[in-house]
Amino acid sequence: MLGKGSFGEVYLVEKITSGKRFAMKVLRKDKIVNQNLTRYAKTERNVLSIMNHPFIVKLNYAFQTDSKLYLLLDFCPG
């Protein structure tokens with residue numbers, strides 16, 4: 001675990017096939033829906049997916065399960 005916030009956690013993960021490391025942000029849907037923040041979660045995903053800037057981490061993958069949202073971002077140590 002790299003960090004913890006009010007909606008979920010961020011983990012360091014590694015893609016098995018390439019060995020590339022990512023920061024995986026896991027957001028709990030129940031907390032997002034209960035606080036009426038669905039629009040902000042969608043906006044975060046949309047903005048990160050189109051951004052290409054050296055000071056903003058890149059969104060590589062996004063997927064979901066019934067209870068959680070997953071955002072795989074570039075891992076920037078330090």
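Given the structure is predicted, the values throughout are model-derived calculations rather than measurements. (Residues numbered from 1 in each chain as written. Predicted model: local features only at pLDDT ≥ 70, side-chain atom pairs only at ≥ 80, totals over all residues. Heavy atoms only, no water.)

(A) Up close: the pattern of salt bridges. Scanning the model with the defined rule gives three salt bridges in all. Measuring nitrogen to oxygen at the nearest pair gives 2.7 Å for the salt bridge that ties D30 to R28. By relative accessible area, which is 36% here, D30 ends up partly exposed. (Salt bridge = Lys/Arg side-chain N within 4 Å of Asp/Glu carboxyl O. Buried < 20%, exposed > 50% of the residue type's maximum accessible area, 1.4 Å probe, protein only.)

(B) Representation of a nonpolar patch on the surface. On the surface, V47, I50, M51, F55 and I56 cluster together to form a nonpolar patch covering roughly 520 Å² of accessible area. Inspection of the secondary structure puts I56 in the loop between helix 2 (38-50) and strand 4 (59-64). Residue class for I56 comes out partly exposed when judged on its relative accessible area of 37%. (Patch = residues over 30% accessible without salt bridge, like charges linked within 9 Å, V, L, I, M, F, W, Y side chains within 5 Å. Areas by Shrake-Rupley, 256 points an atom, 1.4 Å probe, with all protein chains shown as cover. Helix = DSSP H or I, 4+ residues; strand = E, 2+ residues; numbered from the N terminus.)

(C) Just the layout of surface pockets, in detail. A volume near 280 Å³ is recorded for the largest pocket. Along its surface, the largest pocket is lined by 14 residues, and A41, K42, R45, Q64 and L69 are the ones closest to its centre. Contributions of two or more residues to the lining of the largest pocket are made by helix 1 (29-34), helix 2, strand 4 and strand 5 (68-74). Among the residues forming the lining of the largest pocket, the class breakdown is nine nonpolar, two polar and three charged. The calculated volume of the second largest pocket comes to roughly 170 Å³. Around the second largest pocket, the lining comprises 13 residues; the ones closest to its centre are F7, K25, L27, I32 and E44. Mapped onto the lining of the second largest pocket, the elements with two or more residues apiece are strand 2 (8-14), strand 3 (21-28) and helix 2. Of the residues that constitute the lining of the second largest pocket, the class distribution is seven nonpolar, two polar and four charged. (1 Å grid on protein atoms, 1.4 Å probe; cavity = no way out; pocket = protein on both sides within 12 Å on 5 of 7 lines; lining within 4 Å. Points joined across faces, edges and corners; volume = space filled by probe spheres on them. Nonpolar A, V, L, I, M, F, W, Y, C, P; charged D, E, K, R; others polar.)

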